[in-house]
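These are the residues of each chain, in order.
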Amino acid sequence: MPTDTTQARLISAAADHMLALTATIPDTELDRPTPCRDMDLAALLAHVDGLAQAFAAAARKDFGPLTSTPPNPGQSRLAPEWRDDLHRHVCDLADSWNDTAAWEGMTQAGGVELPAEIMGMVALSELVLHGWDVARAADIAFDVPDEILQVVFDFHYPPQPQAERDGMFGPVVEVPDDAPLVDRLAGLTGRDPRWPHTTREDQ
């Protein structure tokens, strides 16, 4: 596992990529489908906003409703000022994990308690994987560096039995070993690298 300093740097870089993606999305496209079941783009962005707040609180050990409540993406609602909210909360997430104390002891997010160093990796994974979801939904290039993708891939490999993944990831999608790393990471975490099978012009 990378050092805490490296992890914090990767979280900051993944946060920057998430904000770069979301800054280009017009409100007229918020009803687009996403790779996440039963979630349109508005619901996915609301989920990202909520997880950013929860993982920032987890880094600070600021326990309460933000960290003790499991996520419920189906009830996520995007506020009219969502860009400002998302920017503030994703930046707070990155800043909070940049504190060395964030990586010490135990912490909580989504009602789950984990060692802080593991929770930081979960935060990184959430930013990267949902960044992929957002990019695919919005038909935007996903250009996260392989350095970050490899760390997240290694974190999830080998995959847990599906019974332990339910509620987090769908079944592993088989991807050739020589496929790009981003496609192998997508498949490992239950995403179809070929999604959505159509281009924007076809929709």
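Residue positions are counted from 1 within each chain, in the order its sequence is given. Whole-chain, interface and lining totals are the exception, using all residues; otherwise, since this is a predicted model, local features are given only for residues with pLDDT of at least 70 and side-chain atom pairs are given and counted only at 80 or more. Side-chain calculation: all heavy atoms of the structure are included, whereas hydrogens and water are not.

Describe the overall build of the protein, listing the residues and the values that go with them.
Comment: elements are numbered from the N terminus, with helices defined as DSSP H or I runs of at least four residues and strands as E runs of at least two. On a plain count of helices and strands, the protein comes out with 8 helices and 2 strands. Listing each helix as α and each strand as β along the protein from the N terminus yields α-α-α-α-β-β-α-α-α-α. Taking the principal axes of the C-alpha coordinates as reference, the protein spans close to 50 × 40 × 30 Å. Categorising residues by exposure relies on relative accessible area from a 1.4 Å probe, with only protein chains included: less than 20% of the type maximum marks a residue as buried, more than 50% marks it as exposed, and the intermediate range marks it as partly exposed. When each of the 203 residues of the protein is scored for burial, the buried share is 45%. Taking the contacts inside the protein whose residues are at least 6 apart along the sequence as the reference set, 69% of them involve residues at least 24 apart. Areas reported as accessible are Shrake-Rupley estimates using a 1.4 Å probe. Residue values count occlusion only from the protein chains shown. Accessible area for the protein stands at about 10,300 Å²; split by element, carbon and sulfur atoms hold 52% of it. A positive count includes Lys and Arg, and a negative count includes Asp and Glu. His and the chain ends are not counted in either. Working definition for charges: the position is that of NZ of Lys, CZ of Arg, CG of Asp or CD of Glu. Charge separation in the protein, taken as the distance between the mean sites of 14 positive and 34 negative side-chain charges, equals 3 Å. We call two residues contacting when some pair of their heavy atoms lies within 4.5 Å.

Explain the pattern of salt bridges to me, and be specific about the residues and the numbers.
Each salt bridge in this description consists of a side-chain nitrogen of Lys or Arg and a carboxyl oxygen of Asp or Glu lying within 4 Å of one another. Under the defined criterion, the tally for this structure stands at 7 salt bridges. Between D92 and R60 there is a salt bridge whose closest N-O contact spans 2.9 Å. With a gap of 32 residues between them, D92 in helix α4 (residues 82-97) and R60 in helix α2 (residues 41-60) connect regions that are remote in the sequence. On the basis of relative accessible area, R60 is assigned to the partly exposed category, the value being 41%. Here R194 and D192 are joined by a salt bridge, their closest N and O atoms 3.2 Å apart.

Give a description of the pairing of strand β1 (residues 106-109) that names residues and reports values.
For two strands to pair, DSSP has to find at least two bridges joining them. Where β1 and strand β2 (residues 112-115) come together, 4 bridges link them in antiparallel fashion. When the sheet's bridge partners are listed, Q108 is paired in β2 with E113. Connecting the antiparallel pair β1 and β2 is a turn made up of 2 residues, with G110 showing a positive phi of about 60°.

So what's going on with the packing of aromatic side chains? Which residues, and what values?
Pairing of aromatic rings covers Phe, Tyr and Trp, the last counted by its six-membered ring, and requires centre-to-centre distances within 6.5 Å; plane angles under 30 degrees mean stacked, over 60 mean edge-to-face, and any other angle means tilted. Taken as a whole, this structure holds 2 aromatic pairs when the rule is applied. Ring geometry for F153 versus Y157: centroids 5.6 Å apart, planes at 15°, classification stacked. Two conditions define a charge located above a ring, namely a distance within 6 Å from the ring centre to NZ of Lys or CZ of Arg, and an angle within 35 degrees of the ring normal. If you follow R184 out to its NZ or CZ, it ends over the ring of F153, 5.6 Å from the centre.

Give me the lowdown on unusual backbone geometry, citing residues and values where you can.
What is expected of a backbone is that most residues other than glycine have negative phi and most peptide bonds are trans. A cis geometry characterises the amide bond from Y157 onward to P158, with omega recorded as -5°. With respect to the helices and strands, the residue P158 is situated in the loop between α6 (146-156) and α7 (162-165). Residue P196 is reached from W195 by a cis peptide bond, and omega for that bond is 10°. Tracing the chain through its elements places P196 in the segment after α8 (181-188). Its identity as a non-glycine residue notwithstanding, D38 has a phi of 60°, on the positive side.

Account for the environment of L114, with residues named and values stated.
Checked against the element boundaries, L114 lands in strand β2. Note on L114: relative accessible area 25%, which makes it partly exposed. Here the alpha-carbon distance between L114 and A58, two residues 56 residues apart in the chain, equals 10.0 Å. Apart from the residues within four sequence positions on either side, L114 is in contact with M106, T107, M119 and V122.

An account of the nonpolar core is requested, with residue identities and associated values reported.
Here the nonpolar core consists of buried residues drawn from Ala, Val, Leu, Ile, Met, Phe, Trp, Tyr and Cys, with membership extended through side-chain atoms lying within 4.5 Å. In terms of nonpolar packing, the biggest core is built from 54 residues, with W97 and L124 touching the most fellow members. Contributions of two or more residues to this core are made by α1 (4-22), α2, α4, α5 (116-138), α6 and α8. The dominant element in this core, judged by the number of residues it contributes, is α2, at 12 residues. Setting aside chain neighbours within four positions, we find L124 in contact with L10, I11, A14, I148, V151 and V152.

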